[in-house]
Amino acid sequence: MIIAIGSDHAGLPLKRALLAALEAGGHQVLDAGAFDEASVDYPDYAHQVSAKVASGEARFGVLVCGSGIGMCIAANRHAAIRAVNLHNSTEARLTRQHNDANVACFGARTLGAEVALDALAAFLATEFEGGRHQRRIDKLSAESALA
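Residues numbered from 1 in each chain as written. Predicted model: local features only at pLDDT ≥ 70, side-chain atom pairs only at ≥ 80, totals over all residues. Heavy atoms only, no water.

**Details of the sheet that holds strand 5 (residues 103-107)**
Rule in force here: Any two strands with at least two DSSP bridges between them are considered paired. In this description a helix means any DSSP run of H or I spanning at least four residues, a strand means any run of E spanning at least two, and both kinds are numbered starting from the N terminus. The axes used here are C-alpha line fits, helices contributing only the stretch in contact, and every angle between their N-to-C directions lies in the interval 0 to 180 degrees.
The 5 strands lie next to each other as 2-1-3-5-4, forming an open sheet whose pairing is parallel. In the strand order of this sheet, the two ends are held by strand 2 (28-31) and strand 4 (83-85), each with one partner. With direction set aside, neighbouring strand axes in the sheet form an average angle of 20°. Note: strand 1 (residues 2-7) against strand 3 (residues 60-65), 5 bridges, orientation parallel. Across the sheet, I3 pairs through a bridge with F60, a residue of strand 3.

**Looking at a positive patch on the surface**
Our working definition: Patches draw on residues past 30% relative accessible area with no salt bridge. Two like charges within 9 Å are joined, as are two nonpolar side chains (Val, Leu, Ile, Met, Phe, Trp, Tyr) within 5 Å. Residue burial considers only the protein chains on display, and all accessible areas are found by Shrake-Rupley using a 1.4 Å probe. For this analysis, a salt bridge means a side-chain nitrogen from Lys or Arg found within 4 Å of a carboxyl oxygen belonging to Asp or Glu. Charge counting follows a simple rule: Lys and Arg are positive, Asp and Glu are negative, and His as well as the terminal groups are ignored. The location of each charge is read from NZ of Lys, CZ of Arg, CG of Asp or CD of Glu.
On the surface, R132, R135, R136 and K139 cluster together into a patch of positive charge. By secondary structure assignment, the location of R136 is in helix 6 (residues 132-138).

**Notes on helix 1 (residues 12-24)**
Convention followed: Any helix carries an expected span of 1.5 Å times its number of residues minus one. Relative accessible area decides the class of each residue, using a 1.4 Å probe on protein chains only: under 20% of the type maximum gives buried, over 50% gives exposed, and in between gives partly exposed. By definition, the arc is the one covered by directions from the helix axis to the C-beta atoms. Any two residues having at least one pair of non-hydrogen atoms within 4.5 Å are treated as being in contact.
A rise of 1.5 Å per residue sets the reference length of helix 1, with its 13 residues, at 18 Å; its end C-alpha atoms lie 18 Å apart and thus fit the reference within 8%. Every buried residue of helix 1 is listed here: L12, L14, K15, L18, L19 and L22. An end-on view of helix 1 places all buried positions within 150° of arc, on one side of the element. With respect to the buried face of helix 1, the exposed residues turned more than 90 degrees away are P13 and A24. Check the buried side of helix 1 and you find it contacts strand 1, strand 2, strand 3, strand 5 and helix 5 (113-125). Directly after helix 1, the chain includes G26, whose backbone phi takes a positive value near 90°.

Dropping the structure here:
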């Protein structure tokens, strides 16, 4: 599976741990940066990763910043993206099952690496249930929101 990943400077240590786990799991990872601790702007990385997911270049995206909130907000500006700020594996499973989430966001300052790794594993392993949930996903489109 191809997964795009990105972080700002605050999220870099957690991004490195998630990236290593993804590669160890046999996934192809497209790393959009950041690559060092120099201060950067999180929207730049959220937009790069979201564009890769929206275009189909990557199946899923993973974003990390200090809280996960900024990345999640920026990613959700893309019409094809359903980004979620995850705190545990239960949220990860439910957002995949019910919301067909395609970008997982994590807060490096609010979440330990083990919890993030467990949540990411659950996120990637869980399929969208479809059915009644698809009708709700369809209502998230820009056209439906304006109707």
